Amino acid sequence: MGTALVYHEDMMATRLLWDDSECKIECPERLAAVLGGLRQCGLEQRCLHVAAREASEAELGLVHSPEYVALVRRTQTLGTEELQALSGQYDAVYFHPSTFHCARLAVGAALQLVDAVLTGTVHNGLALVRPPGHHSQRAAANGFCVFNNVAIAAEHAKRKHGLHRILIVDWDIHHGQGIQYIFEDDPSVLYFSWHRYECGRFWPFLPDSDADTVGQGQGRGFTVNLPWNQVGMSNADYLAAFLHVLLPVAFEFDPELVLVSAGFDSAIGDPEGQMKATPECFAHLTQLLQVLAGGRVCAVLEGGYHLESLAQSVCMTVRALLGDPTPALLGPMAPCQSALESIQNVRAAQAPHWMSLQQQDMSSVLSSSTHFPEGRPLLLLPRDPIHKAEAEATSLRLLLDQQHLHPTPPVRVAVALTAPHTTWALPPGVLRQEESAPKWETEAWARSHESLTQHEALTALGKLLYLLNGILDGQVSSGVAATPAPAVAATLDIAIWQGLSLGAKRVLCVVLGQLDRPLDLVDDGRILWLNIRGKEAAILSTYHVSMPLPETTGGFLSCILGLVLPMAYGFRPNLVLVALGPDHGFQYPQAALLAAMLRGPAGGRVLALLEEESAPQLAQALAQGLYGEAPPSLGPFSMASPEDLQALMSLRAQLQPRWEMVRVAASEPVERRSDPEPAGSVPLPGPPSGPSTRGVLLSQSLERPETSARPGAFPTPRPRPRPLPAYQ
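Residues numbered from 1 in each chain as written. Predicted model: local features only at pLDDT ≥ 70, side-chain atom pairs only at ≥ 80, totals over all residues. Heavy atoms only, no water.

A. Here's a closer look at the sheet that holds strand S6 (residues 223–228). Taken together, 8 strands build an open sheet; the order of strands is S2-S1-S3-S8-S7-S4-S5-S6 and the sheet is parallel. Strands at the two margins of the open sheet, each flanked by one partner only, are strand S2 (48–51) and S6. Averaged over all pairs of adjacent strands, the angle between strand axes in this sheet comes to 15°, irrespective of strand direction. Inspection of the sheet shows strand S7 (residues 257–262) paired to strand S8 (residues 297–301) by 5 bridges, in the parallel sense. Note that in S8 the partner of Val260 across the bridge is Ala299. (Pairing = 2+ DSSP bridges. Helix = DSSP H or I, 4+ residues; strand = E, 2+ residues; numbered from the N terminus. Axes fitted to C-alpha atoms, helices over the stretch in contact; angles between N-to-C directions.)

Quick look at the structure:
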């Protein structure tokens, strides 16, 4: 199985036939730019091309009224003046003689993708479509959208494939009110949307877009709105929304399919969103979603109007779907106060409906998003002088140019076996490494460790050093190594120092079980040691934290999503070492999930170390998680015990003054950290100046529009071994 790419060039036929400053940005060049980017990066060739088809009128009727479908069908025979008059009856919509054909292709592309994924033909995929769909309602076009592609795909998956739980993630910068209204009373569809809101002053100007709208009837709690009340939201803000809102709820919901309304007007440079999230952020978001639903993720294009930002963001999404390592995130990893206020409000609104949010600390809830903070209205950024706009454009160009500088290692995962009789059932494509580092190098590292004097331990160390060298040389993305149980601690100690000596500036150690932190590790910010074991919870220093291993699924997820991943992303490591020591207590699904989710913070550079006496299934689970395969289910959701919950809450309260990504609520102003950027990076430009091009605030827009009226010291230095041929 692979990744599907579904499109049809006919979807570029529809275009604006008259002057309209509002609608002109939805143009055929959007698809052309995306396809060009995918071909230039060699990504189209790596996907399975699935041709789009026209959806039948019966399939359109899964969501839309027969009268509305007939109205759109009649546009095929209308002249330009008639098309313009009809378009004027809707908000931010234009019709073209090819609209009916293109819109049916867009729906059909989404259906083809869902069918391919749910029948096992492919693992995941992306449908490149236009017109977009998430604003379209049962009997109304709206916001460039004609038919609701994702909503129809969800209904199709329920009726044809018998699905009972579907997650829709809408990361477009506009609220997909069409999807929300279609499923607002349906508990089989969980709809999550973040969107530019600005206290109700941004299109579509709906109170229903605020955090306190949670669905109706049996669907209460299955609509999750996260409104952004300021422009300029960054990678850290988007990631915090996933870790602290979407993923806890999604794991509890346990979807059978994930549909993504993939709008990239939420990316940097877009005139509609005016946000600062860089293209690689969408690779991280996609990778996080792939741990759900057995990896069955179907992304369907929505908005995106800065052509190069759109193309690069789509490319990053496809890379993640293909399983490539994600590039490191740019910019300081600290969510802003406005983002934290939004996260705080949506968690409070959803807590009555989700155990995963009830079991976490809830600070006092702020006033509704429709009220202005501190009594002042939020205004769009004023139009800046020309020279500043030119400087921002240049900075954006340099940033986007960097997206071509992320080569994919030739080997995704390598496993260093320690004994000829070891038989691990590994995913296809995982390399079984037999080579070792030079004998002199291995013996030099082992000299000060008594536990490494045995032949088996020394052999395992040589293979680990070779593997680690391959990871930091860019020959292999991640790996799994085994060593005799008495040698795990010493081998981990050497791996830390070897990583630093080979150029890793920051090393994250996630240690499971009874392994103590080496006494010679200095608290200088280069090594973050997170120990997960038993019931112990302690902050021994800023960079040394011990946390409990909860026995329940909810407690485990709270530990990983609420502490481990936020700290990992905030630390921004160049290398992640995962060590499973004595009495680690990890089950195979937990190991696979942790490995899969730790791929993001260090750009995929993860080395997992375990005892060679471990069950083969544990090594297999780690290799599968690092390879990008979806981890098995953790089982039914259950809340953390009161003791585990208290320990996790206490840790969060103590950690958040230094580790801003742990925060789930606004507090005193926190300056964004000025950690050094990765080598070769450029400063993030601010959001584009000027207001959004879509819509103006009209009193009619505040009503629900069914008719859509317009509204320390290193060991002795040694020469670095030359790259060896095993990974070439």
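Next comes the rest of the write-up.
B. Expanded view of the side chain of His175. Within the fold, His175 resides in the loop between strand S4 (166–170) and helix H7 (177–183). Here Asn225 takes part through its side chain, which lies 3.2 Å from a polar atom of the side chain of His175. If sequence neighbours within four positions are ignored, His175 has contacts with His134, His135, Gln180, Tyr191, Ser193, His195, Pro204, Asp208, Ser209 and Asn225. (Polar contact = N/O pair within 3.5 Å; in protein donor to acceptor, adjacent residues only side chain to side chain. Contact = heavy atoms within 4.5 Å.)

C. View of the sheet that holds strand S13 (residues 527–532). What the 9 strands build is an open sheet, ordered S10-S9-S11-S17-S16-S12-S13-S15-S14; its pairing is mixed. In this open sheet, the two strands that pair with only one neighbour each are strand S10 (431–433) and strand S14 (538–541). Strand after strand, the sheet turns through a mean of 15° between neighbouring axes, direction not considered. Its contacts with the sheet place helix H15 (residues 455–472) against strand S9 (411–416), S10, strand S11 (476–483), strand S16 (575–580) and strand S17 (606–611), and it is angled at close to 170° to S11.

D. Structural view of the confidence of the model for the protein chain. Scored by pLDDT, the protein chain comes out at a mean of 87, with 84% of its residues at no less than 70. Taken as a whole, residues 362–388 scores under 50 in pLDDT and shows 53 contacts with residues more than four places along the chain or in a different chain. Considering only residues more than four positions removed or in separate chains, one finds that residues 695–728, a stretch of pLDDT under 50, has 91 contacts. (pLDDT = per-residue confidence, 0-100.)

E. Fine view of the pairing of strand S5 (residues 189–196). Among the 8 residues of S5, 8 are classified as buried, and the element is accordingly described as predominantly covered. Going residue by residue along S5, you find Val189, Tyr191, Ser193 and His195 tucked away on one face and Leu190, Phe192, Trp194 and Arg196 tucked away on the opposite face as well. Both S4 and S5 contribute to a ladder of 5 bridges, which runs parallel. Looking across to S5, one finds that Asp170 is bridged to Ser193. (Buried < 20%, exposed > 50% of the residue type's maximum accessible area, 1.4 Å probe, protein only.)

F. Seen up close, the pattern of salt bridges. Counted by the stated rule, this structure contains 20 salt bridges. A salt bridge links Arg46 to Asp324, with the shortest nitrogen-to-oxygen separation between them at 2.9 Å. Highlighted residues: Arg46 in the loop between helix H1 (29–40) and S2 and Asp324 in the loop between helix H10 (307–322) and helix H11 (337–350), separated in sequence by 278 residues. Look at Arg46 and you get partly exposed, because its relative accessible area is 39%. (Salt bridge = Lys/Arg side-chain N within 4 Å of Asp/Glu carboxyl O.)

G. The arrangement of the nonpolar core in detail. By size, the foremost hydrophobic cluster in this structure holds 188 residues, and its most contacted members are Leu128 and Phe147. Element by element, the count of residues in this core is highest for helix H8 (residues 235–253), at 14 residues. Residues Trp445, Leu500, Leu515 and Leu577 belong to the second largest nonpolar core, which totals 40 residues. (Core = buried A, V, L, I, M, F, W, Y, C linked by side-chain atoms within 4.5 Å.)

H. Structural view of helix H18 (residues 588–597). Among the 10 residues in H18, 8 count as buried, and that is most of the element. For H18, the complete set of buried residues consists of Gln590, Ala591, Ala592, Leu593, Leu594, Ala595, Ala596 and Met597.

I. Region of the structure containing unusual backbone geometry. Of note, the amide linkage connecting Arg130 to Pro131 takes the cis form, showing an omega dihedral of 0°. If you trace the backbone, Pro131 turns up in the loop between strand S3 (124–127) and helix H6 (149–161). Going from Trp203 to Pro204, the amide bond is cis rather than trans, its omega being 10°. Within the element layout of this structure, Pro204 appears in the loop between S5 and S6. Even without being glycine, Ala293 reaches a positive phi, approximately 55°. Here Ala293 shows up in the loop between helix H9 (279–289) and S8. Under the relative-accessibility criterion, Ala293 is labelled buried at 8%. Positive phi values are uncommon outside glycine, yet Asp583 reaches one of about 55°. With respect to the element layout, Asp583 can be found in the loop between S16 and H18.

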